Amino acid sequence: MNEVRVGVFVCHCGTNIGGFLDVPGLAKYALSLPNVVFAKDNQYTCSEAGLTEIKNAIAENKLNRVVVASCTPRTHEPLFRSICKDAGLNPYLFQFVNIRDQCSWVHMQERERATEKAKALIRMGVARAVLLEPLEETEIEVNPCALVIGGGIAGMTCALSLANRGFEVKLVEKEDRLGGTLNSLYKLYPANEEASKLVQDKTKKVKNNPNIEVLTSSEVKEVEGFIGNYDVTVRQGEKERLFKAGVIIVATGAETLKPMGMYGYDGENVVTHMELERMLKEGRLNADMVVMIQCVGSRNEKRVYCSKVCCPTALKNAILIKEAKPNAQVFVLYRDMVTPGTKYEDYYGKARETGITFIKYSPERKPVVENGSVRVYDELLGEELVLPYDLVVLSTPMVAHRNSTDLAQKLKVPVDENGFFLEAHVKLRPVDFATDGIYVCGCAHWPANIGESISQAYGAASRASIPMSVGRVKTEPLIPVIDEDECSGCGLCELTCPFKAIQVEETEKGRKAKVIAASCKGCGACGAGCPQRAITMRHFTDEQLVAQVIALAEVTH
Amino acid sequence: MTFQESFEPDILGFLCNWCSYASADLAGVSRMQYPPNVKIIRVMCSARVDPTIILEAFIQGLNGVMVLGCHLGTCHYMTGNYYTERRMKTTKNVLKNVGLSPKRLLVDWVSAAEGERFATLVKDFTERIRKLGPLGKETDLEPQQLRIRLVAAKEALAQQRIRWLVGRERELVEDKNVFGEKVSQEEFDQLTLQTVEKEFAKRRILLSMKEEALSVKEIAQRVEASPREVLRNIVSLERDGLVSFVGIEGNSPKYRRAGG
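The following refers to the structure shown. (Residues numbered from 1 in each chain as written. Chains lettered and ligands numbered in written order. Predicted model: local features only at pLDDT ≥ 70, side-chain atom pairs only at ≥ 80, totals over all residues. Heavy atoms only, no water.)

Quick word on the state of the cysteines
Then step 1. Counted by the stated rule, this structure contains 1 disulfide over all chains.
Then step 2. For the unlinked cysteine A:Cys306, the closest cysteine sulfur is that of A:Cys310, found at 6.1 Å.
Then step 3. In this structure A:Cys523 is not part of a disulfide, and its nearest cysteine sulfur, from B:Cys45, lies 5.2 Å away.
Then step 4. For A:Cys523, a relative accessible area of 11% translates into the label buried. (Disulfide = S-S within 2.5 Å. Buried < 20%, exposed > 50% of the residue type's maximum accessible area, 1.4 Å probe, protein only.)

Have a look at this one:
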């Protein structure tokens, strides 16, 4: 039973591989390698016919290792692993060899040398396959309670969505009331509903929901643990609250940039849109000549990004001013009006019809705010204009919350170069973090409008409810194993691991490192640095890697 | 045809699953053409690459090794490539001690979107190694001498002193040590260099001793170092319990490998 029996399947991938390499020759070569008892070339190994051949070959030839030489594990490894599993073979006894993306496609003019390279790659793959070990995924239970950090529109929506599914929610808000940024806004584009009404409705629903506990004037102090089993410490004034959570949603929102020292900003005659909103809300606006300047402090060297919500916000406020005071003159000085989507493009059209004047400026010749007038070079007209003003309104971008990096460190999740929380994958996993069990929504992730924040909140709630509904999560078997006799308990691995997945504990044998499988992401950084070399990284062991190195050396001389 | 012209370097590449391996796939999908000298081993993170495995590749006679990870700050595992950077910096120092050009080890960062950059890196590195020639061409060492030095280097990199130091670099340089002191980058680099030199010298001594009892003088001849330096390292090896004192020969102390 201990005899290692490797089967190798070499794929033509139509002509993608077959057209550039001697594929039948590769299969023949594979059969000459140690432990290989079966080798065959297929037109398409990933086709129904190809997969059936693998299954049959496993049964007929008692294969206990399968090597497929075809495309990339990044797309096809899950498929071949599942076929092995169907055939009763542990999926971790499968080895992929990439002879298409990294061979036939990149050496199209050198059939002979490319075929030799493919042979080397197959030899390396087989050498590793021989040493592969069966691995089992283990399961852990998930506590059906969600921690939602941030009580703005995203956090409240997410909390409600989870609570309505029957999960317990702890909603932590640092201010003394819920609502977040919405509390500072007047009306919301594009339908002009009152922000305060939206806050009131949501707050009421949140407060009346028996599954949600709201913790205002509170901040997350510490988070320990892993998906399914987080230990959370929340500081509420002098008190500290401790509770357990299975998942965490980051909905901490963003801040708007205060344009200190820019365009004569003084908070009175030169204000931000946030301040204008308050003036409008309190009915304090008294200006007949209003000049708005877009892209203040954004899309420059320091902040290269477009904050996206400022153009529609300026349109909305310009329209509101015109509606309140039809005789008022409103100028919007812009670089590019960013109003994608049918509703917002119409909104721009409406603003033009209302009689608002749009003037394009270039970043090379920025407008200058002087005493009582704004000088601007009109890019389209090709001449300088002088616009007298009663009020200048600056469109400043949303910037990451000043505490975002601090929170990111507590949660062990990344932020991008601007300090916004960084998702696992921009398209495939837009509300997940790479760390399982933690999700993000709203402006904490990136400037978003109310509609987008709500959509993301539903998305995050939906993603977060998966592990809670199932009640269990599978843990990755690609984890380190500690040789306790070798481990000196020095703690370097604990220091190295960014996920707190390895910790030194007191044991009967003294201080020893212990792996927390559920937190481990399987990178192997701990093992490659262990001073005692007491850590073996499963599925990527030193032995397996060295076997590949030696296999390569064997064919090269 | 001269030897120089016919030399085709054999190169090993360690690529991380998330960025550099993906960039190699992208180069393929984009049908970018590059020389077939590099053979790739996929790892989940560049930080999985233990420096001893790099040395193993050279011991096995490969001519160059490339380790490619995600760009700094974008590691899928957040900080993995910072460890790669520090460990590979030390590995290059070790190669210098062996007498090899550190240029035989390439450490660089490629994002999943940089297929073209990957192809360029492979092309340039293949050319670089082609110019450097077969392994050891840059030294006047015999193949067997080179091999012993590489084995000594690999053993030095497996030692806790170097691994511990490299693992603590960030902590020591950016934070403070247990005595509340901060070490400057220059001081740290100097310390690492000295440690690498010392550990390498110690491993060479051990390898040269084999099973015999040798005087410090004899060892000094074998490892081409001064008896004074050998003695210093021997004392350190004795403290580690790796050699034991057996007596005095002439005026030179004699040692034997412990447990052997």
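Some remarks on the nonpolar core
Then step 1. Counting residues in hydrophobic clusters, the biggest one holds 116 residues, and the most contacted among them are A:Val8, A:Ile99, A:Ile122 and B:Phe14.
Then step 2. With 9 residues, the top contributor of residues to this core is helix α5 (residues 111-131) of chain A.
Then step 3. Per-domain counts for this core show at least three residues from each of domain 1 (6-135) and domain 4 (480-538) of chain A.
Then step 4. Apart from the residues lying within four places of it in its own chain, the contact partners of B:Phe14 are A:Val549, B:Ile41, B:Val43, B:Val49, B:Ile53, B:Ile54, B:Val65, B:Met66, B:Val67 and B:Leu68.
Then step 5. Counting residues in hydrophobic clusters, the runner-up holds 51 residues, among them A:Val148, A:Ile149, A:Ala444 and A:Ala460. (Core = buried A, V, L, I, M, F, W, Y, C linked by side-chain atoms within 4.5 Å. Helix = DSSP H or I, 4+ residues; strand = E, 2+ residues; numbered from the N terminus. Domains from an automatic or database assignment. Contact = heavy atoms within 4.5 Å.)

With respect to the sheet that holds strand β23 (residues 391-394) of chain A
Residues and elements named next belong to chain A.
Then step 1. On the basis of which strands lie adjacent, the open sheet formed by 5 strands has the order β16-β23-β17-β18-β19 and parallel pairing. Pairing within the sheet leaves two strands with one partner each, and these edge strands are β16 (270-272) and β19 (357-360). Averaged over all pairs of adjacent strands, the angle between strand axes in this sheet comes to 25°, irrespective of strand direction.
Then step 2. Here strand β17 (residues 289-293) pairs with β23 via 4 bridges, running parallel. Bridging from a neighbouring strand, Met-292 pairs with Val-393 of β23.
Then step 3. In the packing of helix α8 (residues 273-281) onto the sheet, contacts are made with β16, β17 and β23, and the angle to β16 comes to roughly 95°. (Pairing = 2+ DSSP bridges. Axes fitted to C-alpha atoms, helices over the stretch in contact; angles between N-to-C directions.)

Here we look at the interface of chain B and chain A
Then step 1. Contact residues are listed per partner, giving 55 residues for chain B and 56 residues for chain A.
Then step 2. Per-residue buried area on chain B facing chain A is highest for B:Pro36, B:Arg48 and B:Met78; these three make up 14% of the total on that side.
Then step 3. Along the contact surface separating chain B from chain A lie 4 salt bridges.
Then step 4. Residues A:Arg533 and B:Asp50 are paired through a salt bridge, measuring 3.7 Å at the closest nitrogen-oxygen approach.
Then step 5. Our count for the contact surface shared by chain B and chain A stands at 22 residue pairs in polar contact (both at pLDDT 80 or more).
Then step 6. At the level of elements, β1 (11-16), α2 (20-29), β2 (38-43), α3 (51-59), α4 (80-98) and α7 (160-167) of chain B are the ones that each hand at least two residues to the side of chain B that touches chain A. (Buried area = accessible area lost by both parts, 1.4 Å probe. Salt bridge = Lys/Arg side-chain N within 4 Å of Asp/Glu carboxyl O. Polar contact = N/O pair within 3.5 Å; in protein donor to acceptor, adjacent residues only side chain to side chain.)

Scope: geometric values only; no functional claims are made or implied.
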